[in-house]
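Fold and contact review
Here is what each chain is made of, one letter per residue.
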Amino acid sequence: MGKRILILGASGFIGNALYSELQSYFDVYGTYYSNFSDFSKNQVFYHFDVEKDDVEALLNTIKPSVIISCLGGQFDRLLDVHKQLSSYAMVTPNCRLFFISTVKVFDGIKSYPALETDKAFAISNQGKYALAVEKLLKELPAQRYAIIRLPLVLGVNAPVVTNLKYAIASQDVFEIYPDLVINVTTDTRLSQQIHYLVNQSKYGIFHVGSSDLIHHSDLFEEISEKLGSNKPIFKQVYESNTDRFEAVLPKKSFSLKEHKYNVLDIVNEVTLNQSIPTLKTTLL
Ligand SMILES: NC(=O)C1=CN([C@@H]2O[C@H](COP(=O)(O)OP(=O)(O)OC[C@H]3O[C@@H](n4cnc5c(N)ncnc54)[C@H](OP(=O)(O)O)[C@@H]3O)[C@@H](O)[C@H]2O)C=CC1
Ligand SMILES: Cc1cn([C@H]2C[C@H](O)[C@@H](COP(=O)(O)OP(=O)(O)O[C@H]3O[C@@H](C)C(=O)[C@@H](O)[C@H]3O)O2)c(=O)[nH]c1=O
């Protein structure tokens, strides 16, 4: 029997990218919360509110063999939901739980980029929540879970890129952080990589993102440059006088070359069809 996948938070930025990537290969179901207009008529989308609904009822209806969680909402309720997901995975033969985690689990360690083997330490509420879910999953049998840690996710339709384009168009302020060193991915690339992990029945901890780093300020100045001649009003915000890192480097995660990429690949993907190819570059 083919894999049946339930994406919790399929109406969101990450969830929708995953749905688009997976739905032509697997029997995929998803949840939405506020986007009634787009999803209430879609047979495979179920309304789900972490505050009110019981995720167990949803699981018993859909009976997924793979659950991918990319939910937003109240962190304490989300943690309860993940306790239920974890219990379901524990008692359901060959059911696997994929948790979309975040680089923020390392936001208590700012002096170097994180590798999969590094011990996480979070100070933000978001980081502490994600770390608590990671700890939950680690109580499952090893082959029953995958923790996918994402850095900042860009993409042609990424909210942060949309905000930049809006700031360019309306000559508005766009905050950049010259002391912040990050790595990045896009919604399409992370979806391809998670597709691979689902297909190959991989398990454990995975870092998704570019293999190199860039300063947050340089990244958005470069993207703006490639989008065209207009600029937003870049507001440089320093939070420390030394570099602080917020990066999840994929040291051990992916060996296939199509899963290895650098910041320039990401910048080109995000600005595709928008950069003005000059004669010089096409002749190179
Ligand atoms: N975007 C990024 O750069 C990164 C994101 N992540 C993590 O990935 C996850 C998803 O992120 P992203 O897709 O950007 O977030 P979005 O806000 O775009 O999506 C959140 C999803 O959760 C749903 N949701 C929100 N509130 C509730 C609720 N109360 N009950 C049930 N469902 C709810 C939303 O439904 P609806 O849209 O219908 O309201 C949506 O499907 C988050 O945990 C985030 O920390 C990690 C690293 C980077
Ligand atoms: C708002 C803000 C962000 N930052 C940095 C850290 C942060 O990860 C990065 C992007 O934050 P923004 O809020 O602008 O963008 P945003 O896309 O909202 O942040 C995302 O970040 C990634 C890593 C996640 O884990 C997501 O869950 C989400 O929190 O910019 C600062 O250094 N100072 C700030 O005041």
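Residues numbered from 1 in each chain as written. Chains lettered and ligands numbered in written order. Predicted model: local features only at pLDDT ≥ 70, side-chain atom pairs only at ≥ 80, totals over all residues. Heavy atoms only, no water.

As recorded in an unreviewed UniProt entry, the protein goes by dTDP-4-dehydrorhamnose reductase and comes from Planktosalinus lacus. What UniProt records for the protein under Sequence similarities (unreviewed entry) is the sentence "Belongs to the dTDP-4-dehydrorhamnose reductase family." Within the UniProt record for the protein, the comment given under Pathway (unreviewed entry) is "Carbohydrate biosynthesis; dTDP-L-rhamnose biosynthesis." (UniProt positions renumbered as here; feature names shortened; annotations may be inferred.)

1. Describing the overall build of the protein
For the protein, the count of helices and strands is 10 helices and 14 strands. Taking 284 residues into account, the globule formula puts the C-alpha radius of gyration at 19 Å, and the protein, at 19 Å, falls close to it. Across its three principal axes, the protein shows a C-alpha extent of roughly 60 × 40 × 35 Å. Of the contacts made within the protein by residues no fewer than 6 positions apart, 76% connect residues no fewer than 24 positions apart. (Helix = DSSP H or I, 4+ residues; strand = E, 2+ residues; numbered from the N terminus. Rg over C-alpha atoms; globule rule 2.2 N^0.38 Å. Contact = heavy atoms within 4.5 Å.)

2. Concerning the domain arrangement of the protein
Looking at the protein, the domain boundaries give domain 1 (4–151 + 185–207) and domain 2 (153–183 + 211–283). Distance between the C-alpha centres of domain 1 and domain 2: 25 Å. For the pairing of domain 1 and domain 2, the buried interface totals around 2,500 Å² over both sides, and the portion due to carbon and sulfur atoms is 62%. Considering only the surface of domain 1 that becomes buried against domain 2, Phe13, Arg189 and Gln193 emerge as the three largest contributors, covering 22% of it. (Domains from an automatic or database assignment. Buried area = accessible area lost by both parts, 1.4 Å probe.)

3. A closer look at the sheet that holds strand S14 (residues 244–246)
What the three strands build is an open sheet, ordered S12-S9-S14; its pairing is mixed. Two strands in the sheet have a free side with no partner beyond their single neighbour: strand S12 (214–215) and S14. Bridge count for strand S9 (residues 180–182) against S14 is three bridges, and the pairing is parallel. When the bridges of S14 are listed, Leu180 appears paired with Arg244. (Pairing = 2+ DSSP bridges.)

4. Side note on the pattern of salt bridges
Applying the stated rule across the entire model yields 10 salt bridges. Linking Asp27 and Arg4 is a salt bridge whose minimum nitrogen-to-oxygen distance equals 3.1 Å. Taken together, the positions of Asp27 in strand S2 (residues 27–32) and Arg4 in strand S1 (residues 4–8) put the pair 23 residues apart, joining distant regions of the chain. The exposure class assigned to Asp27 is partly exposed, which follows from its relative accessible area of 31%. On the basis of relative accessibility, which here comes to 25%, the residue Arg4 falls in the partly exposed class. Between Arg244 and Asp179 there is a salt bridge; the shortest N-O distance is 2.7 Å. (Salt bridge = Lys/Arg side-chain N within 4 Å of Asp/Glu carboxyl O. Buried < 20%, exposed > 50% of the residue type's maximum accessible area, 1.4 Å probe, protein only.)

5. Some details on the UniProt feature "domain: RmlD-like substrate binding" (unreviewed entry) in the protein
Feature annotation in UniProt assigns "domain: RmlD-like substrate binding" (unreviewed entry) to the following positions: residues 94–245. Across residues 94–245, the secondary structure splits into 32% helix and 25% strand, with the terminal C-alpha atoms separated by 37 Å.

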